[in-house]
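Here is how the chains run, residue by residue.
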Amino acid sequence: MAVQGTTKSNRRRTFACIHSAAILALGLLVSVSLTGTETEVKPSAASLGQAKRRFETTCATCHSANGSPTKTGRSLGAPDLRSSKVQKSLPAKLRSQIINGSSNMPPFGALLTPFEIDALVSYVKTLGNTAKPSTPDSFRKANQ
């Protein structure tokens, strides 16, 4: 009889823990969706290097090595990954597009690991930093 009481008690505690965890997860989900933000994890140089190589073998056919659309990419409507629109996209949106595809982009979720997908998202975010630095000559020409 004591064993049954302990089992019921354990079940209640387990249910309470699961219930609490579900409420916490729902609260986090709602707070992220209400604020429209999410935390980005800063990738290591090694993971960005791996992502760059993966990008060049998987994505560059349409997006070129620097993120601008290739001839093939333009014909399919591929966006310039360096654009402010793409760079302002939440990582979750980019992740979803890589996993599920969008418009003419095929889904890559079955071909890539979650780590590779996250690394690619981080790598795409670095493509927005490709503006040419001003040089003294270009500065002088612009101000003459």
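As shown above, the structure is provided for reference.
Now for a quick tour of the structure.

Applying the stated rule across the entire model yields four salt bridges. With its nearest N and O atoms 3.0 Å apart, the salt bridge here joins Glu116 to Arg54. Taken together, the residues Glu116 in helix 7 (residues 114–126) and Arg54 in helix 2 (residues 45–58) connect sequence positions 62 residues apart. Judged by relative accessible area, Glu116 falls into the partly exposed class, the value being 23%. Relative accessible area serves as the criterion here: at 27%, Arg54 is assigned to the partly exposed category. One salt bridge connects Asp80 with Arg82, and the closest N-O pair in it is separated by 2.8 Å.

For residues that are not glycine, phi is negative in most cases, and the peptide bond is trans in most cases. Phi at Ser64 is positive, roughly 55 degrees, even though this residue is not glycine. Secondary-structure assignment places Ser64 in the loop between helix 3 (60–63) and helix 4 (71–76). Positive phi, normally seen in glycine, also occurs at Ser103, with a value near 50 degrees. Assignment of secondary structure puts Ser103 in the loop between helix 6 (91–100) and helix 7. What makes Ser103 exposed here is its relative accessible area of 82%.

Here we take up the layout of surface pockets. Roughly 660 Å³ of internal volume is contained in the largest pocket. Considering the residues around the largest pocket, the lining is formed by 27 residues, among which His63, Pro79, Leu81, Ser102 and Met105 are closest to the centre. Looking at the lining of the largest pocket, the element that brings in the most residues is helix 6, giving four residues. Of the residues assigned to the lining of the largest pocket, the class counts are 16 nonpolar, nine polar and two charged.

This part takes up the nonpolar core. Core analysis: the biggest nonpolar cluster contains 16 residues, and Phe55, Leu81, Ile98, Leu112, Leu120 and Val124 have the highest contact counts within it. Only helix 2, helix 6 and helix 7 provide two or more residues apiece to this core. Tallying contributions element by element places helix 7 first for this core, with six residues. Beyond its immediate stretch of four places on either side in the chain, Leu81 contacts Phe55, His63, Gly67, Val86, Gln87, Val124 and Leu127.

Cut-offs and rules
- Residues numbered from 1 in each chain as written.
- Predicted model: local features only at pLDDT ≥ 70, side-chain atom pairs only at ≥ 80, totals over all residues.
- Heavy atoms only, no water.
- Salt bridge = Lys/Arg side-chain N within 4 Å of Asp/Glu carboxyl O.
- Helix = DSSP H or I, 4+ residues; strand = E, 2+ residues; numbered from the N terminus.
- Buried < 20%, exposed > 50% of the residue type's maximum accessible area, 1.4 Å probe, protein only.
- 1 Å grid on protein atoms, 1.4 Å probe; cavity = no way out; pocket = protein on both sides within 12 Å on 5 of 7 lines; lining within 4 Å.
- Points joined across faces, edges and corners; volume = space filled by probe spheres on them.
- Nonpolar A, V, L, I, M, F, W, Y, C, P; charged D, E, K, R; others polar.
- Core = buried A, V, L, I, M, F, W, Y, C linked by side-chain atoms within 4.5 Å.
- Contact = heavy atoms within 4.5 Å.

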